[in-house]
Amino acid sequence: MEDLKSRVAYLQGLSAGMDLEKESKEGRLLSSIIDVLGDFASSFNELQEAQEQLEDYLESIDEDLYSLEDEIYDGRPGMDDDDYMEVECPRCGEIVCFDRDIVDDEDVIEVTCPNCDEVVFVNDDTYASADEPELIEGRTQVEHEDDL
């Protein structure tokens, strides 16, 4: 950034060394162009500083959100992981977790990907899922398909 300001200062020095009359058409034009370039360099510097501040702020928000997610999802009382199943979305690859009771529900329920809204599972026999529901990693396996 300082390079841009120093280049504008160099141009100002060159124009001063050309001995152009400041009241001539060429002198006024050159002086105005260099002034505008100086304004652009200053504005660009301010924008760059604001961008850096926004990036720092966003990074701090991201860290806070990560900490909050850890607190919420790791310490959720009464949440039994055996009651959930997971399916990989065929469109975006997102892992979608849903309640195991959906499989046995008499009503037809569609589970959609929260990322791309693709239907990833329907609890009727006519829907062919790209990825069959699986137990969440590290959980007990289903002995019979009737248990689903």
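The structure this text deals with has already been given above.
Here the residue index of a chain counts from 1 through its sequence in written order. Reporting of local features is limited, given that this is a predicted model, to residues whose pLDDT is at least 70; pairs of side-chain atoms are given and counted only at 80 or more, and all residues count toward the totals for whole chains, interfaces and linings. Only heavy atoms go into the side-chain values, all of them from the structure, while hydrogens and water stay out.

To describe a pair of aromatic rings, one takes the distance between the centres and the angle between the planes. For Phe, Tyr and Trp, where Trp contributes only its six-membered ring, two rings pair if their centres lie within 6.5 Å, and the inter-plane angle classes them as stacked under 30 degrees, edge-to-face over 60, or tilted in between. The full count for this structure, using the stated rule, is one aromatic pair. Consider the rings of phenylalanine 98 and phenylalanine 121, whose centres lie 5.2 Å apart with planes at 20 degrees: the pair is stacked. Linking phenylalanine 98 in strand β2 (residues 95–99) with phenylalanine 121 in strand β4 (residues 119–122), this pair joins segments that are 23 residues apart in sequence. Neither phenylalanine 98 nor phenylalanine 121 differs from the other in exposure class; each is buried. Numbering of helices and strands starts at the N terminus; helices are DSSP runs of H or I of at least 4 residues and strands are runs of E of at least 2. Each residue gets one of three labels from its accessible area relative to the maximum for its type: buried under 20%, exposed over 50%, partly exposed in between, using a 1.4 Å probe on protein chains only.

Think of a salt bridge as a Lys or Arg side-chain nitrogen and an Asp or Glu carboxyl oxygen that are within 4 Å of each other. Under the defined criterion, the tally for this structure stands at one salt bridge. A salt bridge links arginine 91 to glutamate 118; its shortest N-O distance comes to 2.7 Å. Of this pair, arginine 91 sits in the loop between β1 (84–88) and β2 while glutamate 118 sits in the loop between β3 (110–112) and β4; the two residues are 27 residues apart in sequence, bridging distant segments of the chain. Taking relative accessible area as the criterion, glutamate 118 reaches 23% and is therefore assigned partly exposed.

This paragraph deals with the state of the cysteines. Cysteine sulfur atoms are paired as a disulfide whenever they come within 2.5 Å of each other. Evaluated as defined, the whole model comprises zero disulfides. Left unpaired, cysteine 89 is separated from the closest cysteine sulfur, that of cysteine 116, by 3.5 Å.

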